[in-house]
Amino acid sequence: FCLQARSAGSGGLDLELRLARVPLAASSLLLDHDLHFSQYLDGTVAWNHAPGLEPTGHAAIEISAGEFGEIGDEDGQVATDAGLIAFTLDRGELTGGRFDLPFPGRGGIDLDFDISGVALDGTGRLAGELLVEFNDLSFLEALTAYYDNIGGSLATRLRLGGRVGDPVLDGRYELLD
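As the structure is a prediction and not an experimental result, all values here were calculated from the model.

## Regarding the overall build of the protein
Here is step 1: Within the protein, the regular secondary structure consists of zero helices and 13 strands.
Here is step 2: With respect to the three principal axes, the spread of C-alpha positions in the protein is 60 × 40 × 25 Å.
Here is step 3: The contacts in the protein between residues at least 6 apart in sequence include a share of 39% that link residues at least 24 apart.
Here is step 4: Of the roughly 11,000 Å² that the protein leaves accessible, carbon and sulfur atoms contribute 56%.

Following this line, the structure appears as structure tokens:
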């Protein structure tokens, strides 16, 4: 990875973090977990902060296809296709984001959201959608030794609305055995 920092005059700061094939397994340096990841991260995160102004920035990080699961459980690894994590920060306020992670042959997670008029009083309007679809939940057994015989399917489609201080989720979920 490469971190570039520039003075933006009078105490301001511009940061740009570029990731090129950074192993997701390095997350164990920051988080205490017993998971193995073979995926890599590629992308950029930008942060701009001028004196007297709230920070602005954005991120777009691609997740390579790969596998994850408990360390030492080679048979229980779960495959993923390429995914994406992205967000936009405008004058100190999160205004939108995206998280996509497909699981080949199983389904995936797709979250997209926008926030407009965000204010510290929680009056900003929310809009977005969360789709989670898995035709076979048995892969969850690879993530924990505490549960056996996990199965079934999950289909979730939720719309995000309302205000930051009073969010509303509307939609459906279906969990079948």
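## Structural notes on the sheet that holds strand 8 (residues 83-90)
Here is step 1: An order of 1-2-4-5-8-9-10-11-12-13 is seen for the 10 strands of this open sheet, with the pairing classed as antiparallel. With partners counted over all chains shown, the strands left at the sheet margins are strand 1 (2-7) and strand 13 (166-176), one partner each. Within the sheet, the average angular offset between the axes of one strand and its neighbour, ignoring direction, is 5°.

## Things to note about the environment of L111
Here is step 1: By the secondary structure assignment, L111 is in strand 10 (residues 107-116).
Here is step 2: Exposure remark for L111: the relative accessible area of 28% places this residue in the partly exposed category.
Here is step 3: When neighbours within four sequence positions are excluded, L111 is seen to be in contact with G97, R98, F99, D100, E129 and L130.

## Considerations on the packing of aromatic side chains
Here is step 1: On inspection of all chains with the given rule, the structure shows five aromatic pairs.
Here is step 2: Ring centres of F103 and F134 lie 5.1 Å apart, and the angle between their planes is 75°; this geometry places the pair in the edge-to-face category. Of this pair, F103 sits in strand 9 (residues 93-103) while F134 sits in strand 11 (residues 125-134), placing them 31 residues apart in sequence.
Here is step 3: Residue class for F103 comes out buried when judged on its relative accessible area of 5%.
Here is step 4: Seen from their ring centres, F134 and F139 are 5.1 Å apart, and the 45° between their planes marks the pair as tilted.
Here is step 5: Exposure remark for F134: the relative accessible area of 7% places this residue in the buried category.
Here is step 6: According to the relative accessible area criterion, F139 is buried, its value standing at 7%.
Here is step 7: Three or more aromatic residues joined by ring pairs make a cluster, and in this case those are F37, F68, F103, F134 and F139.

Analysis parameters
- Residues numbered from 1 in each chain as written.
- Predicted model: local features only at pLDDT ≥ 70, side-chain atom pairs only at ≥ 80, totals over all residues.
- Heavy atoms only, no water.
- Helix = DSSP H or I, 4+ residues; strand = E, 2+ residues; numbered from the N terminus.
- Contact = heavy atoms within 4.5 Å.
- Areas by Shrake-Rupley, 256 points an atom, 1.4 Å probe, with all protein chains shown as cover.
- Pairing = 2+ DSSP bridges.
- Axes fitted to C-alpha atoms, helices over the stretch in contact; angles between N-to-C directions.
- Buried < 20%, exposed > 50% of the residue type's maximum accessible area, 1.4 Å probe, protein only.
- Phe/Tyr/Trp six-rings, centres within 6.5 Å; stacked < 30°, edge-to-face > 60°.

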